[in-house]
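As a plain string of letters, each chain reads:
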Amino acid sequence: MEEANSSLNTRTSIIDDLDANPTSARVMAAAGKLARWFDESVPEVRIAILRNFTAEPVGPYLTVECFRAGVRPILQFGPFDAVHEDVFNGDSELFRFHPDIVVLALRLHSFTPDLIFQFARQTAKDIEASIQDTIDRISAFVGAIRQRSTATILVHNFEWPDSPSYGILDAQSPVGQVPALSGLNDRLARKLSTIPSAYIVDIARLLAGVGYEHGIDDRYWHAGRSPYAGPMLRRLSEEYAAFAAALKGRNRKCLVLDCDNTLWGGIVGEDGLSGIKLGPTHPGSAYVDFQATVLDLYHRGVLLALNSKNNDADAMSVFSDHPHCLLKPEHFASRRINWQDKATNLREIASELNIGIDSLVFLDDNHVERDYVRQALPEVLVVDLPQEPAYYRRTLAGLRCFDTLTLTDEDRHRTMLYHREAQRSELKRESGGLDQYLRSLEMVISFGYADEAMIPRIAQLTQKTNQFNVTTRRYSEEDIRRMAADTGWLVCWARLRDRFDDNGLIAVAIVAFSGQSARIDTLLMSCRVIGRGVEQALLAHLCVVAEARQCSRLLGEFLPTAKNGQVADLFQRSGFSPPEGEDGRFWSLALDGLLPRAPDWFREIKLEEEKS
Amino acid sequence: MSLDSRLADVLSSVLELPVDEVGESTSVDSVATWDSMHGMMLVVSLEEEFGVQFTNQEIFEMSSYPIIKLTLLEKGVS
């Protein structure tokens, strides 16, 4: 642990040193240092970039941004402007590289020059033909990759010209260039949404943020077919890194906020409820906008928590009583409003919510508090809020660390689920024994097998679950889809309801069948439901399934990580025999012996459907 | 800092060379890491460091330490 922390500190200090003066030369130097780093606690992500321009300069930026996001990149650049050579040949360099992510970075200047040059010459019919042809060729590439690899596919869309062919008439012209290119981008997005695990990299938006003048340098394009200047390379790398981090389960889950001068101006304990700055006009309006951005994250499933040096009643009065406070007490899954140090509070918040310290992001206007937390808890992402409150909103909205590859209904009401958990804890204190408590929850567990509706949530659980996860194998939606369709595999999920509410899909088991053996490839469970016996019920169910498929033994595998210590003895507790022999990886359970049984406190155990 | 030491810093960072190995003999032919990507990054980095803009012709010819230094001197960097 200490070793991992010192490695984290060194990486952080390389990045902090770079951020103090991020020139291109220093990015190169920092990337060189980071690329030599090996730390097995940082998951590897293999990124292949297929392109029709010189994309290599993105490499050093991407190395830095990946390490910042908590993944270690291995990069491969495909041959220049020869995407077809890589994607249509199953034995190409691309597929032998076994990428986790394939980026398709194509620029229209050489892919479909008719949409860029001498555009005013084109008729509406020509334009439509060029757009359709562009979509068709890209679809063919993406389809070929999908057929041969389960990698996540990132497809660049297309930048708009800053000065379109028809000038001031362009936006309204039926043959305008920007309307044509934005139509192309819309159609590309629709097309990709029909292909599993394929996503748009929104170049048009990224370039709008950076600005054409800073993002593109035509000299570099003509001298080296390398269009993007430093600021665009950096922005693009942040975007790739956000996809990589989300894929590898390194996205953050909880935003922890300070109160005074962060969520409102002034100090509520001194200025009083009516004295703080929070409202529709300056200077309170910047804080209202900031709160709205916080709520946007809440609605996407990010947990919110408070960590403030205040009297609890003073701070909470703002959330319950202030007329312009958008954030309400029920939006927070946890709070530590007290006078103890903020690092201790953060530890307690993580433990109360059953998430890792490295899932936390901390926002505080006070740089002394920020530095203290950075030192004490290097795993926490501490964001430097700017001096100017009007810029708080943009700083928060610009964070890519909460991004996920899917958004499920469960994300949308996550905090409510945590609140129910708090009610359950109360009941636990009130009722006598643990058994009695569990019985009083009136739990109904149902098992089912992956179908199209469940695949996003199942993939998301494999990507996000770190603690109760025996193998920590990360799968994309496409991986899950393939396993679900393969008769040699079984992708099983469990759903838990109790008298308070429907916890949704909370556990996944993936089993591979081979001869007489059923091997548990993946067994994971959401932290929200630890200690309720779901895993015993699930293992009992797997035994039944394996027996029905004429297996004689169930094999279990434990791959230790820094996070999954709590399942180290899962197979032992469940009656499996320890690994033995040369290939001693698997715990084994003979299906003709004593089998795990579902605890009797479940009110009902259901099977939702048969695998067809 | 002198032109020589600023130049050596940039070349050392971009080409991943120890700074004391950078000098008059540093060129495309003598440095293994100096490929087209590093050449491009060198241009970007030099423009940032010295606040200048190279012409396409200058970028094309930028193949050794002495040439880079001469180009910078011509642009009034000292």
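So, here's what we can say about the structure. Here the structure is a predicted model, which means the values were calculated and not measured.

**Observations concerning the environment of Val-373 of chain A**
All names here are of chain A. Position of Val-373 relative to the elements: it lies in helix H17 (residues 367-376). For Val-373, a relative accessible area of 0% translates into the label buried. Each residue touching Val-373, except ones within four places of it in the same chain, is listed here: Lys-342, Ala-343, Leu-346, Phe-362, Pro-378, Val-380 and Val-382.

**A few points about the side chain of Asn-157 of chain A**
The topology assignment puts Asn-157 of chain A in the loop between strand E4 (152-156) and helix H8 (177-192). From its side chain, Asn-157 of chain A meets the backbone nitrogen of Ile-203 of chain A in a polar contact 2.7 Å long.

**Here we look at the environment of Asn-89 of chain A**
All names here are of chain A. With respect to the helices, strands and loops of the structure, Asn-89 is situated in the loop between helix H4 (83-87) and helix H5 (93-96). Spatially, the C-alpha atom of Asn-89 lies 65 Å from that of Val-268, the residues being 179 residues apart in sequence. In contact with Asn-89, other than residues within four places in its own chain, are Phe-95 and Arg-148.

**Describing the sheet that holds strand E14 (residues 517-525) of chain A**
All names here are of chain A. The seven strands lie next to each other as E16-E15-E14-E13-E12-E11-E17, forming an open sheet whose pairing is mixed. What marks the edges here is a single partner per strand, and that holds for strand E16 (586-590) and strand E17 (604-607). Each strand axis lies, on average, 25° off the axis of its neighbour in the sheet, ignoring direction. In terms of strand pairing, strand E11 (residues 444-449) meets strand E12 (residues 489-497) through six bridges, oriented antiparallel. From the neighbouring strand, Val-444 faces E12, where its bridge partner is Arg-497. Sheet strands in contact with helix H22 (residues 455-464) are E12, strand E13 (502-514) and E14, and its direction is about 80° off that of E13. Packed on one face of the sheet, helix H23 (residues 477-485) meets E12 and E13 and runs near 110° to E12.

**So, the packing of helix H2 (residues 24-35) of chain A against helix H3 (residues 58-69) of chain A**
Residue and element names in this part refer to chain A. The contact between H2 and H3 brings their axes to 8 Å, and the two run at 60°. With respect to H3, the axis of H2 lies oblique. Classified by chirality, the crossing of H3 by H2 is left-handed. Facing H2, whose interface residues are Ser-24, Val-27, Met-28, Ala-30, Ala-31, Leu-34 and Ala-35, H3 presents Pro-60, Tyr-61, Thr-63, Val-64 and Phe-67. The residue inventory of the contact of H2 with H3, partitioned by class, reads 10 nonpolar, two polar and no charged.

**With respect to the pattern of salt bridges**
All names here are of chain A. Using the criterion set out here, one finds 49 salt bridges over all chains in the structure. Asp-258 is the partner of Lys-342 in a salt bridge, and the nearest nitrogen-oxygen pair spans 3.0 Å. Highlighted residues: Lys-342 in helix H16 (residues 342-353) and Asp-258 in the loop between strand E6 (254-257) and helix H13 (268-271), separated in sequence by 84 residues. The burial state of Lys-342 is the same as that of Asp-258; both residues are buried. Taking the shortest distance from any N to any O, the salt bridge between Arg-519 and Glu-557 comes out at 4.0 Å.

**So, the pairing of strand E3 (residues 101-105) of chain A**
Residue and element names in this part refer to chain A. The buried fraction of E3 is high, at five of five residues. Of the two faces of E3, the one carrying Ile-101, Val-103 and Ala-105 and the one carrying Val-102 and Leu-104 are both buried. As paired strands, strand E1 (residues 44-51) and E3 are joined by five bridges and run parallel to one another. Paired with Arg-51 across the strands is Ala-105, a residue of E3.

Reading the values: rules and limits
Residues numbered from 1 in each chain as written. Chains lettered and ligands numbered in written order. Predicted model: local features only at pLDDT ≥ 70, side-chain atom pairs only at ≥ 80, totals over all residues. Heavy atoms only, no water. Helix = DSSP H or I, 4+ residues; strand = E, 2+ residues; numbered from the N terminus. Buried < 20%, exposed > 50% of the residue type's maximum accessible area, 1.4 Å probe, protein only. Contact = heavy atoms within 4.5 Å. Polar contact = N/O pair within 3.5 Å; in protein donor to acceptor, adjacent residues only side chain to side chain. Pairing = 2+ DSSP bridges. Axes fitted to C-alpha atoms, helices over the stretch in contact; angles between N-to-C directions. Parallel < 35°, antiparallel > 145°, perpendicular 65-115°, else oblique. Left-handed = near helix turned anticlockwise from the far one by under 90°. Nonpolar A, V, L, I, M, F, W, Y, C, P; charged D, E, K, R; others polar. Salt bridge = Lys/Arg side-chain N within 4 Å of Asp/Glu carboxyl O.

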